[in-house]
Amino acid sequence: MPSSEDILGQKYDRCLADFLVKAGVGFSAGVVASVILFKRRTWPIALSTGFGAGAAYADCDRSFNPARIPGTRIVSPSELAPKPVA
Amino acid sequence: MYRALHISRRVAFTSRQGVVKVVRRRLATEAAIPKKKKNIGRRILWVTTGLTGTFYVGSTFAAFYNQAYYDFFSEKVPLGPSMLEYAEKHNWDTVTAAELLERTKNAAIATQRFVTDKINGTTPAKEPEPVRKVSVESQVKVIKSSAPKVVDHSKFETESMVAEAKKEFETRTEKVKEGTSEVAAVREKVATEVKDEVVDLVKKAEDALRTETPAIAETTPAEAPSKSNGKPVYEGALPVGFEPPPGYIRPSPPKKEEPQTPEPAPPAPVALPLVAPAVSSFAVSEPIIAQLAGTIDNLASFLDANPTAVPKVSDVLETAKTDLTALADRIEKAKEDERVVLESKLDEQTREYTQSLLELEMLAQDKLDSQEDDFRKFHDQERAKLIRDYRAKLEHELQTQTELINERLKEEVIAQGIELQRRWIRDIKVRVEQERGGRLGKLEELSSHLKRLERVALDNSTYLDENIRIHALWSAVRALTSSALSAPVRKPFREELRVVRHIASAREDPVVVASLESLESSDVPDVGVEPFADLASWFSSDVAPKVAHVALVPDQNAGVLSHLASHLFSGLRFRRTGLVPGDDVLSVIARAEHYLNEKNLDSAARELNQLNGAAKVLLQDWLDAARRRLEVEQALDVVQAQATLASLLVV
């Protein structure tokens, strides 16, 4: 268990690793797909790499801010109060 | 008129009829019922009277002989008490059977005397009998009076004696009776002989008469047999008290004994010498002879009337007359003899009885005397024996009593001894107490001095103890401080804390105990606290730059990008040092670093505690460590203050 001041660094590390893996998986899947399906076109490679990188980013962002779940928003009471008036 | 006649006739008729009826009724009632009633009633009356009399007289006598019956008779039977009273008044209770017998015998003798005298036509002195009777009575009375006087309960003896005498009397009387019966038998014999003769004579006379005048003979013989019929059947006793009915010529007397025998001498001689005057001497005593004589005379007169039969009958009559006279003489003689014999016998027996009575009396007297002596002796013996027994009993009683008293006395003595001992002990105690009084007073003084000394010593010792305790506390606190706070490395200080707490609890200081308890309940003593130098270096080298990197991250919804941006841009900002104002993260860090440089951990922790968001997250561990150290420091400060206070109080 790391001390509290090292938590952020650890998160960065994990995000990077995750990004690398997912982007690599996307890249390789894109390569395979472009070779087999798309007659050696480059865009499938880029697309799948982008999918991988996006997934990694989403996960990383979630790790930094666990409260941020897609489709949900946490609203503070102070923000919530004037809304019903409007 | 017709009517009147009718009425009168009717009346007459009715009256006549009524008279007849009445007569008839009377006859019926008189003939049948009243006679019977009278007879039965009389018989019942007699029987009841006799029975009642017998019962009362017998009961009276029985009551005198039986006490139980006496009670019963006097209580239950009506007229019983009055009867008994009467009997007692007339001395029936003292009358014995023998006496009664004697009396009856005397009475019998007297009556016999009287009768014989009457027969003899003389009146010899009746005095000897009463005199004798009186003498006997007086003797009996003497016996009676002497017997109860001598010994009362020897009455029984005398009774038995009298009973014996009575028995003897009875036997004697029986003998007398036998004698009389013998005499009677002799007389009877004579009478039967005479009778036979007379019967023969009568038969002869009858025959003679029958031959002569059968018609008339029917009357006389009819009477004669009727008389003679009753005679042979009868066998009676003495005719002593008998009084003949004088007026009867031919009474069919079914009477007793000899006098009837001469009766059948009816054929009187025709020769006109009348028999009646010749036999007149017997007329009084032997009426039947007289009657017979009368009959003969009648016969003679009849013969006179019928002179034709005289020659035949006169002869027979003559013989009959002679026979009759002879018979009369003979009867007379026999009576005389009998009387003489009887008298002599009676006299003899009287004498005998008197003698025997006297003898018996003497014997009874002797026996009574000897019995009395015996009784007296026995009584004396019994008395002596009783006295002896009673004395022995009394002695025994006395002994037991004395034993009891002695025992009680012993018990009392013991109890008194115990009581005295108790009292003495109490007195001794009191005296000892009094004796001790003075010494004890001195002792008390001494003891008070000693107590004062003791108190001083105790005060001193407590003072010393307190000092020692405070010293110990101080040492412990110092040891704890050195091990926990001022040690160069982090190390556990549970042992030192325990010692301190022990000492503090011994001193019963609530403040110290409370502060140490809060410290002890946590896991800080086991883990130990970071040294200040470590904390300071940790913060300046490690925590402060990383916090500065996240200084620009927003407090909420900080994603990867904001973090990356903060990291990127915080490096571009100027580094501030010293006590800088501002609420931003970098200023706070600068102030904390400043405080840490001044070794003010408390202020540094306070500054850093104000941060929020990601900075706070990063500072979490360091703040915890700093807080732990501060807690320990605070507790130790309190303990030290208390120790200082105690030491100040002690001094």
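Residues numbered from 1 in each chain as written. Chains lettered and ligands numbered in written order. Predicted model: local features only at pLDDT ≥ 70, side-chain atom pairs only at ≥ 80, totals over all residues. Heavy atoms only, no water.

- Looking at an unreviewed UniProt entry, one finds chain B named MICOS complex subunit MIC60 and attributed to Asterophora parasitica.
- UniProt, in the comment section headed Subcellular location (unreviewed entry), describes chain B in these words: "Mitochondrion inner membrane".
- For chain B, the Subunit (unreviewed entry) comment in UniProt is given as "Component of the mitochondrial contact site and cristae organizing system (MICOS) complex." (UniProt positions renumbered as here; feature names shortened; annotations may be inferred.)

- The name given to chain A in an unreviewed UniProt entry is MICOS complex subunit MIC10, with Asterophora parasitica as the source organism.
- Looking at chain A in UniProt, the text filed under Function (unreviewed entry) is "Component of the MICOS complex, a large protein complex of the mitochondrial inner membrane that plays crucial roles in the maintenance of crista junctions, inner membrane architecture, and formation of contact sites to the outer membrane."
- As stated in UniProt under Subcellular location (unreviewed entry), the record for chain A gives "Mitochondrion inner membrane".

Observations concerning the overall build of chain B
So, step 1. If you tally the helices and strands in chain B, you get 21 helices and 0 strands.
So, step 2. Expressed as a percentage of its 651 residues, the buried residues of chain B come to 31%.
So, step 3. Pairs at least 24 apart in sequence give 68% of the contacts found in chain B among residues at least 6 apart. (Helix = DSSP H or I, 4+ residues; strand = E, 2+ residues; numbered from the N terminus. Buried < 20%, exposed > 50% of the residue type's maximum accessible area, 1.4 Å probe, protein only. Contact = heavy atoms within 4.5 Å.)

Let's talk about the state of the cysteines
Residues and elements named next belong to chain A.
So, step 1. Counted by the stated rule, this structure contains 1 disulfide over all chains.
So, step 2. Here C15 is linked by a disulfide to C60, with a sulfur-sulfur distance of 1.7 Å. Linking C15 and C60, the disulfide has an S-S dihedral of approximately 100 degrees and is accordingly described as right-handed. Remark: C60 occurs in helix α2 (residues 43-64) and C15 occurs in helix α1 (residues 7-36); sequence separation between them is 45 residues. Comparing C15 with C60 shows no difference in burial state: the two are buried. (Disulfide = S-S within 2.5 Å.)

Details of the UniProt feature "transmembrane region" (unreviewed entry) in chain A
So, step 1. Residues annotated by UniProt as "transmembrane region" (unreviewed entry) correspond here to residues 20-38 of chain A.
So, step 2. Annotation note: span residues 20-38 of chain A, helix share 89%, strand share 0%, distance between end C-alpha atoms 24 Å.

What to know about a negative patch on the surface
So, step 1. Together, D366(B), D369(B), D373(B) and D374(B) make up a negatively charged patch on the protein surface.
So, step 2. Mapped onto the elements of the fold, D369(B) is located in helix α13 (residues 310-484). (Patch = residues over 30% accessible without salt bridge, like charges linked within 9 Å, V, L, I, M, F, W, Y side chains within 5 Å. Areas by Shrake-Rupley, 256 points an atom, 1.4 Å probe, with all protein chains shown as cover. Salt bridge = Lys/Arg side-chain N within 4 Å of Asp/Glu carboxyl O. Lys, Arg positive; Asp, Glu negative; His and termini not counted. Charge placed at Lys NZ, Arg CZ, Asp CG, Glu CD.)

Considering the interface of chain A and chain B
So, step 1. The interface of chain A with chain B comprises 14 residues on the first partner and 19 residues on the second.
So, step 2. Note on chain A versus chain B: buried area summed over both sides is about 1300 Å², and carbon and sulfur give 58% of it.
So, step 3. Considering only the side of chain A, the residues that lose the most area to chain B are S4(A), E5(A) and Y12(A), jointly responsible for 43% of the buried surface there.
So, step 4. Where chain A meets chain B, there are 1 salt bridge.
So, step 5. Its salt-bridge partner being D6(A), residue K546(B) comes within 2.2 Å of it at the nearest N-O pair.
So, step 6. Counting every contact that joins chain A to chain B gives 8 residue pairs in polar contact (both at pLDDT 80 or more).
So, step 7. Elements with a contribution of two residues or more to the side of chain A that touches chain B: α1 and α2 of chain A. (Buried area = accessible area lost by both parts, 1.4 Å probe. Polar contact = N/O pair within 3.5 Å; in protein donor to acceptor, adjacent residues only side chain to side chain.)

Quick word on the nonpolar core
Grouped burial of nonpolar side chains is what soluble globular proteins tend to show.
So, step 1. Core analysis: the largest hydrophobic core is formed by 38 residues, its most contacted members being F539(B), V547(B), L601(B), L608(B), L611(B), L619(B) and W622(B).
So, step 2. Counting residues per element, the ones that place at least two in this core are α1 and α2 of chain A together with α17 (532-549), α19 (585-597), α20 (601-609) and α21 (613-650) of chain B.
So, step 3. The biggest single contributor to this core is α21(B), with 9 residues.
So, step 4. Residues contacting L608(B), with those up to four places away along its chain left out, are F539(B), V588(B), A592(B), L619(B), W622(B) and L623(B).
So, step 5. I503(B), A504(B), V529(B) and L636(B) belong to the second largest nonpolar core, which has 21 residues in total. (Core = buried A, V, L, I, M, F, W, Y, C linked by side-chain atoms within 4.5 Å.)

Observations regarding the UniProt feature "coiled-coil region" (unreviewed entry) in chain B
So, step 1. Feature annotation in UniProt assigns "coiled-coil region" (unreviewed entry) to the following positions: residues 317-352 of chain B.
So, step 2. Counted over residues 317-352 of chain B, helix gives 100% and strand 0%. Its end C-alpha atoms are 51 Å apart.

Quick notes on helix α4 (residues 80-89) of chain B
All names here are of chain B.
So, step 1. By the burial criterion, the buried members of α4 are G80, M83, L84 and A87. Angular distribution of buried residues about the axis of α4 spans 95 degrees; they occupy a single face of the element. More than 90 degrees from the buried face of α4, the exposed residues found are E85 and K89.
So, step 2. Positive phi appears at N91, one or two residues downstream of α4, with a value of about 60 degrees. (Arc of directions from axis to C-beta.)

Describing the packing of α20(B) against α21(B)
All names here are of chain B.
So, step 1. Axis separation between α20 and α21 bottoms out at 10 Å; the angle between their running directions is 150 degrees. Looking at the two axes, α20 sits roughly antiparallel to α21. With respect to the hand of their crossing, α20 and α21 are arranged in left-handed fashion. Here L601, D602, A605, L608 and N609 of α20 lie close against α21, whose contacting residues are K616, L619, W622, L623, A626, R627, R629 and L630.
So, step 2. Each residue belonging to the contact of α20 with α21 can be placed in one class, and the counts come to 8 nonpolar, 1 polar and 4 charged. (Axes fitted to C-alpha atoms, helices over the stretch in contact; angles between N-to-C directions. Parallel < 35°, antiparallel > 145°, perpendicular 65-115°, else oblique. Left-handed = near helix turned anticlockwise from the far one by under 90°. Nonpolar A, V, L, I, M, F, W, Y, C, P; charged D, E, K, R; others polar.)

Notes on the UniProt feature "transmembrane region" (unreviewed entry) in chain B
So, step 1. Look at the UniProt record and you will see "transmembrane region" (unreviewed entry) annotated at residues 44-65 of chain B.
So, step 2. From the first C-alpha to the last, residues 44-65 of chain B spans 31 Å; its make-up is 100% helix and 0% strand.

Digging into the pattern of salt bridges
Residues and elements named next belong to chain B.
So, step 1. Taken as a whole and judged by the stated rule, the model has 22 salt bridges over all chains.
So, step 2. The residue R339 makes a salt bridge to E336 at a minimum N-O spacing of 2.8 Å. Of this pair, R339 and E336 both sit in helix α13, 3 residues apart, which is roughly one turn of the helix.
So, step 3. Classification of R339 as buried rests on a relative accessible area of 17%.
So, step 4. What makes E336 partly exposed here is its relative accessible area of 30%.

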